[in-house]
Amino acid sequence: MERIALLSPVCSPRLQNYPLYIRSVPTENELKFHYTVHTSLDVVDEKISAMGKALVDQRELYLGLLYPTEDYKVYGYVTNSKVKFVMVVDSSNTALRDNEIRSMFRKLHNSYTDIMCNPFYNPGDCIHSRAFDNMVTSMMMQYVK
Amino acid sequence: MTRVEMADEALFLLLHNEMVAGLHRAAEQGEAENGRCITKLENMGFRVGQGLIERFTKDTARFKDELDIMKFICKDFWTTVFKKQIDNLRTNHQGIYVLQDNKFRLLTQMSAGKQYLEHAPKYLAFTCGLIRGGLSNLGIKSIVTAEVSVMPACKFQVMIQKM
Amino acid sequence: MDPAAAVAAEEEEGSEKPPVIYTMENKPIVTCAGDQNLFTSVYPMLSQQLPRDPMEWRRSYGRAPKMIHLESNFVQFKEELLPKEGNKALLTFPFLHIYWTECCDTEVYKATVKDDITKWQNVLKVHSSVDWLIVVVESDAKKKNKTNILPRTSIVDKIRNDFCNKQSDRCVVLSDPLKDSSRSQESWNAFLTKLRTLLLMSFTKNLGKFEDDMRTLREKRTEPGWSFCEYFMVQEELAFVFEMLQQFEDALVQYDELDALFSQYVVNFGAGDGANWLTFFCQPVRSWNGLILRKPIDMEKRELIQNQEATLLDLRSYLFSRQCTLLIFLQRPWEVSQRALELLHNCVQELKLLEVSVPPGALDCWVFLSCLEVLQRIEGCCDRAQIDANVSHTVGLWSYATEKLKSLGYLCGLVSEKGPNSEDLNRTVDLLAGLGAERPETANTAQSPYKKLKEALSSVETFEKHYLDLSHATIEMYTNIGRIRSAKLVGKDLAEFYMRKKGPQKAEVYLQGALKTYLAEGWALLITHTRKQLAECQKHLGQIENYLQTSSLLAADNHLTEDERTHFCQEILNFANQQTEGQGEKVILSMHSFAQLKTLHFDPPNAVVHVGGTLSVELTLLSQMPIPVQVDQIAINVHFSIEKNSYRKTAEWLTKHKTSNGIISFSNEVVGFPLSRNNLPALELYEMYERSPSDNSLNTTGIICKNVHMLLRRQESSSSLEMSSGVTLEDGAHMLKCSNLILEPGINRITFRTQAKEPGTYTLRQLCMSVGKVQFVLPHIYPIVQYDVYSQEPQLKVEPLTDSLLAGIPQKVKFTVTTGHYTMKNGDTLQLSNADAMPILYHPESKAVIYSNTRERVSQSTLTIQSSEKITSIALPMAPAYHVIEFELEVMYLPSAPVVAMERENLINKDLHRKSKEKQKADNCMATVDQKVTIDCPWSIYSTIIALTFSIPFNAKHSLLSAGKRKYVQVCVQNMSELCFELSENNLKNSGNYTDLQLVPLNSESQQLIYSKQSVFFVWELKWMKELPPSLQCQFLFSFCPVTSEEQSFSLKPFIYEFQVENFFTLYNVKAEIFPPLGAEYCKTGSLCSLEVSITRLSDLLEVDKDEALTESDGYCTTKLMYEVVDNSSNWAVCGKSSGVISMPVAARATHKVHMEVMPLFAGYLPFPDVRLYKYLPHHSAHSMQLDADSWIENDNLSVDKNVDDQADSSSIRSRGSIHSTTSGEHKGLPMPRLQSFSSGQVFNSSTGMQILVIPSKDDHVLEVSVT
């Protein structure tokens, strides 16, 4: 089981940190998932600001494991355009190691940039693109046990 | 530069010219109140900038700070769009940056000197938007203005809005 | 005894000291054989010197070399100390064996020492231990008292020969160790260096060997018999040694390897291939007393592992405790906390994975205790400041502990009003049992995790206390480090807790707080969920209003199921419809969640109505409720203001909404997903042109932004997005209402109709929907929506169709009745008071058209008009208020009506007269006459007076012409109008009754055209028998009709011109004659000629003569006349007196001649000088004198035609007199005879216009002389 959330850029003309796209497979206790993702933003922000201070010279977009909970692992990724990607993986899912996660984030990022070039997408709006949906679905299926 | 590159560059230049011309024709026919053309072009640029920067920064490392971003705009971004770098970047470290391009692509075909100077602004608006859009997508709100005195050289001034 | 145990035993008492001490206890063992006393004497020095200098340790396997300070634990050599074959213990392994001797006597050596060493060597050989050293101590003291001394070296050499074949360095000399001399110092250093080197060599050798064995052992792990626990012990031994050597990194690595290895096994087990030894760890969990980190080695657990009785938790706990210890040696406490959290999560997972049966709550206890233990351990080794600075590392543990305690609370029924039931209690007891007895090391610490947990589980109250402490601590920490979201989440748990405890008032704060965050970030699902909780909370709190508001939000929330939404909607309705006795206070809620105002549509579209008119407003409401809602009333609160310029305003308003043609649409943001308010204004970019001041050429162009200041100022943090609950209901006098309708889900159209009352501007302020006791209010309708009401008085307008009306011909006049607020009823009529001069002509088919206010033709009806002799009444068609009735009538002005005609004849002439007086020879325009008509309108008791102005197309003048005694009257008619008329039946009548007077027309044809601006003249001769009255009344008239007018019916309109002539009978004939000088044939310029003026009386005494001048003596009368010769053209110089008074006999044919001399000043045909004749009246009264003065003045500027004019105007003299009467004051008093001119026609100048030829004289100078 694995869930993906794509969160709005920090400086979107609209609100900050509202979900541009949020998807959960399977959909049961989706609510808990939303809560987890939302709280994970705390850590994302912490990491970003830490980088802002340039103390850590962590120049990678992938933030790695944000924090583990008893039953989830939460991973983060922030594009240069400050779009936050958060991925929540079930702790029991040992198939997903850091590298898989990283590459999944890359995929997400790629299709997000495609969306940005979609004339029918207005930056900062929620994403309703089918192409994106399909991509995410296939990506999840690949790892759902 | 390969023929292909030249071709697609030409495409951009020509397209841009037509865009400017088209808008102003519309304005003269009163479909859009004149003078807003500048804003229209700038907005187009803005959206394009957003999209472009999303692509261009996809594989770059995370930026350290504002200056880092400005450098990116002047080097990679400018090169990809205008096939050359900004010639000079100055800043007062108070959030104002001046990007000087001594041979700005969109003006080179137009004139070398003061001829057509009065028309120059329309051909800068799009690029102003381009910069603003790019920056905004990188989380920097800004205002971008431009200035030409002898073509094809021109200056873009970026005022960063502290958030 | 087991040396490991011994070591451990040593620890037992050492446990309260800081752990660093412990490792000092544990040093590599070095055995000492030989001379014990000697050793003891050297020992202090040795043990002190050995660690002083570090020594570099080169490592095998390319590991980085380290500098280490060596220490050793010197023990007496015993054979038992030597490790037996296959021994895995390293801690107790003797790394070096030293033999001490100070023998310097060969005999003694041979006798005892040699054998002793040999024996020692053999033992070592048996145990194949090659790490040994022989120390020979020398002291001068000994030599002193010795005789037959061998060279010192000999003993050492012997020993070397005997034992150290080829490795001579195994025997060292230590000379005078207890002396303080440089020599002894040197030997010490040499010795120590040797010692260290050998030790390290031994380490490298033995550890290397050990590691190899260990590795081989690990390789065997796939073999059936392999036991993790055994392997564990082995690798831990290595770890111990590293720790002993204070190589904590290396030690830690050992444990991490073990950790990883184990984890891997578990994962593989999950994947299917389980190693059988793992089953040991799968035994059900029976004790869950968390981690113990207070002592460096938890021997109990270690034994369990050793004896292969450890459970997974035991293993993990022990492993972690070791890692923790090492990390703390390494000063990395924060890594401890972080690893701890991972460990705990991991354990929980592993237990799941291995399907280990765990009693409910056991894990929670274990985790809870562990968290606190870790935290306390860290607190134990850090000061407050450090801890505060690193909250971010520890807070995770805090919240985990809180979470666990919470679930324990729920599990044990501690979170409820009425405490735990028996079942809960049993469970609690079991859980506590699993904790076992508290560990001795924490027994006497007050706040130990063990105590906390026991206490927390002991009672509802204590649980609450502990849970709250933890929660608050956690929240505070999260908040301090800015993890607001996490803090809110803990807060929500707290809220749930309070709700369970039926303490909603405490819960509310947290829920609101969380909700605010979620709203601010627009997380719909979280908003929905939290709202649901909040709703329940508010319900308990009895905050009806808030509850209903929240319910409405939820009912509108499409993240909820249909049923849930319906439920909340029903909640509102239930409340709304419940009968409350007496107090009928309404609950006011904001509408935005209930329904949204989409559009508003006015009819009429311009939203302007007249008083009494109906206006309809159609609202489009989007109901967000899932089910139809019965609405008692929808009301729009309207604010009324009297506006003077409501029209202008309206116009403005209309233009503003021109596109919407009466439809105003409203924007709503999605409920529950508000967008941030502080959107920046758009850039205002403009082209910039900068010209050089010198020549105006372009310097620079560019783009500038005009509202930088607006954009660059920092945006203030967006105000709270949750709508303010304080909705106030305005009570305005004006309301648009709409009752009893059902609001279907989705779009609804509601139409309001209103009758406009007071004129003014009406602003729609609020929208209010009442459902039973509940009122949903839209506090502000924006953009501003207004409609205007105006009022208008009824009025009648009558205007000609042509720009001016001409008298005498029928012309159309348009009647416009604007009904205004008046409604035309059946039988309403316009009553026109007839004027004979202006009949109203109408055709039966004349129609009246009714228009609406907006000029749309409504209807048309025939006009019924009755006219009596006095009144014409026009029956108006019925028409509603604010309509316009239009019809046309023909009117004609008849100048002919006598009386009227007479006086207005004068009017006109006066008019003309004045005009001609005012502007000299200005082409005088048409005379006009205002014809007033009084009209009674049905809407008013006062009658309206309307004046129509008619222009008289003609202007007539007359003049009297004389030829001797014969008289002619000439009338000149001028057409002033633009039209061309045909004149006919011209006729001059003598209106006086002088029968014998006849007027003989000298005019040719009876009919003739008179074009615009053309004049036509008519002449008549007066003929008579007898003598005539002094004055004669005449009336000139003719008919005319416009040539253009096709229908003849109204064609002939008589134009009448009345005038009178007075004293037209000729009394005197004046005749002048000029004769050349005698002998001359012609008159010459400059030569005097004689002028003879002969005045002849033509008639006998007449009435007119009877005046002061007349003197009568013996039957015949004379009158006094004055003659005057004037030559205005100054052709003549009159020599001598040019005027004189004569007395003239009043009798026919009486003649009087006057002679005088005149001189022509020019040559050519000169007209005669003018001879004038006046009546000469001697002065009498002041009055007459005054008149006289007048006449003087008069006569100065008398001219013939002027006279005529005067004559024509009967009032002219009087008027002129009156004009002068004021100014004539100055003449008063001075007696003066009067001159009175004759009226024209009384004097006939027969020589008028005569000329005489004057020839120029030869000599001009004469002329000149004569002139001077």
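Our subject is the structure that appears above.
Right, let's walk through the structure included here. Here, residues in each chain are numbered from 1, in the same order as that chain's written sequence. Here chains are named by letter from A upward and ligands by number from 1 upward, in the order in which they appear as written. Selection of residues for local features in this predicted model requires a pLDDT of at least 70, selection of side-chain atom pairs for listing and counting requires 80 or more, and totals for whole chains, interfaces and linings are taken over all residues. Just so you know, side-chain values use all the structure's heavy atoms and leave hydrogens and water out.

**With respect to the sheet that holds strand S11 (residues 614-623) of chain C**
Residues and elements named next belong to chain C. The strand order S13-S9-S11-S17 describes an open sheet built from four strands, whose pairing is antiparallel. The two strands at the open ends of the sheet, each matched to only one other strand, are strand S13 (663-665) and strand S17 (746-755). Between one strand and the next, the sheet's axes are offset by a mean angle of 20°, whatever the strand orientation. Of the pairings in the sheet, the one linking strand S9 (residues 595-603) to S11 comprises eight bridges and is antiparallel in character. Paired with Leu597 across the bridge in S11 is Leu621. We call two strands paired when DSSP finds no fewer than two bridges between them. Runs of H or I in DSSP of at least four residues are treated as helices and runs of E of at least two as strands, each being numbered from the N terminus. An axis is simply a line fitted to the C-alpha atoms; with a helix, the fit covers only the stretch in contact. Between two such axes, the angle follows the N-to-C directions and lies from 0 to 180 degrees.

**What about the packing of helix H18 (residues 449-458) of chain C against helix H19 (residues 460-480) of chain C?**
To describe two helices that pack against each other, one gives the angle between their axes and the distance between the axes. Residue and element names in this part refer to chain C. Here H18 crosses H19 at 130°, and the two axes come no closer than 5 Å. By the angle between their axes, H18 is oblique relative to H19. Across the interface between the two elements, Lys452, Glu455, Ala456 and Ser458 from H18 touch Thr462, Phe463 and His466 from H19. Under the convention adopted here, Pro, Cys and the residues Ala, Val, Leu, Ile, Met, Phe, Trp and Tyr are nonpolar, Asp, Glu, Lys and Arg are charged, and Gly plus all remaining residues are polar. Its residues assigned to classes, the contact of H18 with H19 shows two nonpolar, three polar and two charged. Working definition: roughly parallel below 35 degrees, roughly antiparallel above 145 degrees, roughly perpendicular at 65 to 115 degrees, and oblique for all remaining angles. By definition, residues are in contact when any of their heavy atoms lie within 4.5 Å.

**A word on H19(C)**
Residue and element names in this part refer to chain C. What a helix is expected to span follows from its residue count: subtract one and scale by 1.5 Å. Between its first and last C-alpha, H19 extends 30 Å over 21 residues, near the 30 Å set by a 1.5 Å rise per residue. Relative accessibility decides the category of a residue: with a 1.4 Å probe and only protein chains considered, values under 20% of the type maximum give buried, values over 50% give exposed, and everything between is partly exposed. Of the residues making up H19, those classed as buried are Val460, Thr462, Phe463, His466, Tyr467, Leu468, Leu470, Ser471, Thr474, Ile475, Met477 and Tyr478. Those residues of H19 that are buried lie in contact with helix H13 (362-381), helix H15 (391-411), H18, helix H20 (484-500) and helix H21 (504-521). Residue Gly482 follows H19 closely and has a positive phi angle near 75°.

**Describing unusual backbone geometry**
Negative phi characterises most residues that are not glycine, and trans characterises most peptide bonds. The omega torsion across Met151(B) and Pro152(B) is 5°, close enough to zero to call that bond cis. Note on placement: Pro152(B) falls in the loop between strand S3 (141-148) and strand S4 (154-161). One non-glycine residue, Lys82(A), lies in the positive phi region at around 65°. Structurally, the position occupied by Lys82(A) is in the loop between strand S4 (72-78) and strand S5 (84-90).

**Regarding the interface of chain C and chain B**
Chain C puts 22 residues into the contact, and the matching count from chain B is 29 residues. By buried area we mean how much accessible surface two parts lose on assembly, using a 1.4 Å probe and totalling the loss over both. Across the chain C/chain B interface, buried area totals approximately 2,000 Å², and carbon plus sulfur atoms make up 64% of it. For this document, the term salt bridge refers to a Lys or Arg side-chain nitrogen within 4 Å of an Asp or Glu carboxyl oxygen. At the junction of chain C with chain B, the criterion picks out zero salt bridges. Those elements giving two or more residues to the side of chain C that touches chain B turn out to be strand S14 (685-691), strand S15 (698-705) and helix H26 (708-712) of chain C. A total of eight residues in the side of chain C that touches chain B trace back to one element, the largest contributor, which is S15(C). Classifying every residue of the side of chain C that touches chain B by side-chain character gives 13 nonpolar, five polar and four charged. The pairing of S3(B) with S15(C) spans three bridges and is antiparallel. Counted as the bridge partner of Glu147(B) is Gly702(C) from S15(C).

Functional significance is not addressed by these values, which are geometric in nature.
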